[in-house]
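Chain by chain, the residues run as shown.
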Amino acid sequence: MEHSADLQVILTKDGSYSLYSPHFDQFYHSIHGSLQESLHIYIDLGLRRFKGPETQPLRIFEMGFGTGLNALLTLQWAHQHQRSVQYVCVEAYPLLPQTVEALHYENLTGQPGLQLLQEAAWGVPLPVSPLFEFTKIATRLQDFTWNEAFFDVIYFDAFAPRVQPELWTHEIFAQVAAFTATGGNLVTYCAKSIVQRALRQAGFVVEKHPGPHGKRHVLRGIKG
Ligand SMILES: C[S@@+](CC[C@H](N)C(=O)[O-])C[C@H]1O[C@@H](n2cnc3c(N)ncnc32)[C@H](O)[C@@H]1O
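Residues numbered from 1 in each chain as written. Predicted model: local features only at pLDDT ≥ 70, side-chain atom pairs only at ≥ 80, totals over all residues. Heavy atoms only, no water.

**Thoughts on the site of the ligand**
Next, step 1: Lining the immediate environment of the ligand, one finds 21 residues, of which H29, G64, T67, E91 and D157 sit closest.
Next, step 2: Between N70 and the ligand, the recorded distance is 3.5 Å, taken from a side-chain N or O atom to a nitrogen atom.
Next, step 3: One of the side-chain N or O atoms of Q164 is found 2.8 Å from a nitrogen atom in the ligand.
Next, step 4: Isolated, the ligand exposes 590 Å² of accessible area, and the fraction of that covered by the protein chains is 99%. (Near = heavy atom within 4 Å. Polar contact = N/O pair within 3.5 Å; in protein donor to acceptor, adjacent residues only side chain to side chain. Areas by Shrake-Rupley, 256 points an atom, 1.4 Å probe, with all protein chains shown as cover.)

**A few points about the UniProt feature "domain: MnmC-like methyltransferase" (unreviewed entry) in the chain**
Next, step 1: On the UniProt side, "domain: MnmC-like methyltransferase" (unreviewed entry) is annotated at positions that read residues 149–223 here.
Next, step 2: Secondary structure content for residues 149–223 is 24% helix and 39% strand, and the end C-alpha separation is 10 Å. (UniProt positions renumbered as here; feature names shortened; annotations may be inferred. Helix = DSSP H or I, 4+ residues; strand = E, 2+ residues; numbered from the N terminus.)

**Quick notes on the pattern of salt bridges**
Next, step 1: With the rule as written, the count across this model stands at 5 salt bridges.
Next, step 2: The partner of R162 in a salt bridge is D25, and the shortest N-O contact between them spans 3.4 Å. A residue pair is termed long-range when its members are at least 10 positions apart, and R162 in the loop between β8 (151–156) and α6 (170–178) and D25 in the loop between β2 (17–21) and β3 (26–27) qualify at 137 residues.
Next, step 3: The class of R162 is exposed, set by a relative accessible area of 57%.
Next, step 4: Ionic pairing is found between R220 and E207, a salt bridge with its closest N-O pair at 2.8 Å. Taken together, the positions of R220 in strand β11 (residues 217–223) and E207 in strand β10 (residues 204–210) put the pair 13 residues apart, joining distant regions of the chain.
Next, step 5: Of the residues examined, R220 reaches a relative accessible area of 8% and is grouped as buried.
Next, step 6: Among the charged side chains, a salt-bridge network with shared partners connects D44, R48 and R49. (Salt bridge = Lys/Arg side-chain N within 4 Å of Asp/Glu carboxyl O. Buried < 20%, exposed > 50% of the residue type's maximum accessible area, 1.4 Å probe, protein only.)

**Looking at the sheet that holds strand β9 (residues 180–188)**
Next, step 1: One open sheet holds the 8 strands; their spatial order is β6-β7-β5-β4-β8-β9-β11-β10, and the pairing between them is mixed. Whereas interior strands pair on both sides, the edge strands pair on one side only; in this sheet they are β6 (126–129) and β10. Taking each pair of neighbouring strands and ignoring which way they run, the sheet shows an average axis angle of 20°.
Next, step 2: In the sheet, strand β5 (residues 85–90) pairs with strand β7 (residues 132–137) via 6 bridges, with the strands oriented parallel. Across the sheet, the residue bridging to Q86 is E133, located in β7.
Next, step 3: The sheet contacts of α6 involve β8, β9, β10 and β11, and relative to β9 the element is tilted by about 135°.
Next, step 4: Against the sheet, helix α7 (residues 193–201) touches β9, β10 and β11, its axis set at about 150° to β10. (Pairing = 2+ DSSP bridges. Axes fitted to C-alpha atoms, helices over the stretch in contact; angles between N-to-C directions. Contact = heavy atoms within 4.5 Å.)

**What to know about the environment of Q201**
Next, step 1: Note that Q201 resides in helix α7.
Next, step 2: Given the relative accessible area of 53%, Q201 is considered exposed.
Next, step 3: When the C-alpha positions of Q201 and E171 are compared, they lie 8.9 Å apart, and in sequence the two are 30 residues distant.

**Examining the packing of helix α1 (residues 34–48) against helix α2 (residues 69–81)**
Next, step 1: Two numbers describe how α1 lies on α2: the axes approach to 10 Å, and their chain directions differ by 55°. Judged by the inter-axis angle, α1 sits oblique to α2. Crossing hand, α1 versus α2: right-handed. Together, S34, L35, S38, L39, Y42, I43, L47 and R48 of α1 and L69, N70, L73, T74 and W77 of α2 make up the contact between the two elements.
Next, step 2: Broken down by class, the residue content of the contact of α1 with α2 amounts to 8 nonpolar, 4 polar and 1 charged. (Parallel < 35°, antiparallel > 145°, perpendicular 65-115°, else oblique. Left-handed = near helix turned anticlockwise from the far one by under 90°. Nonpolar A, V, L, I, M, F, W, Y, C, P; charged D, E, K, R; others polar.)

**Side note on the nonpolar core**
Side chains of a nonpolar character, in soluble globular proteins, are inclined to be buried together.
Next, step 1: Within the largest apolar cluster, 69 residues are counted, with the highest numbers of intra-cluster contacts made by F61, F134, L141 and F156.
Next, step 2: The element best represented in this core is α2, accounting for 7 residues.
Next, step 3: Look past the residues within four positions of L141 in its chain and what remains in contact with it is F61, M63, V90, F156, L167, I172, Q175, V176 and F179. (Core = buried A, V, L, I, M, F, W, Y, C linked by side-chain atoms within 4.5 Å.)

See the structure below:
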């Protein structure tokens, strides 16, 4: 189920590219800056400031692989910090590799490997480097299961509740909580009160944090 035909490349305000989906009427990242958003929410709040138990490897789950920017920045972080990472992500509407090439994320980040991530076989763990094992699964989050409370950090990067209300519910967050380790963190760009409420109902302790430029707050939920 590919979703590339109608996508448009856009330039965001920090000089990095992103995509606009007319189908969802949504951008893949903040128009104020895709790079600064990914670094601020997922790498800084999600990884650098992760206070949970130190597992080796650190287990990361991403909802919505999309362009692969978060995965690429996580690969870079793993090498910079010599941390071993097991990365699992889901994607319901995969992009064509050539769509992602047009975003020049390897030049932007100085990190090679995006093509490997984009072209990885679905559902097969890929040792991208000795520090980074990567698995992407072609499925809807709603259909994804994992048989234990496993992941330390969850990057929750769905399209906005306005267009995907079904992904920001108490039921979905309870499903995610079931495969999140105790003390694990879920980070997301959306700080709406309905999202905070749904996270709390699913057993996360919710913190509001300052957002990247152009966004007042983002959320971190800690699984109790
Ligand atoms: C806001 S974009 C973020 C993409 C990605 N994290 C990035 O940095 O490019 C949301 C992503 O979630 C995917 N998606 C939408 N609905 C989904 C679902 N039900 N299950 C899994 N992925 C979904 C979209 O195709 C898109 O790639």
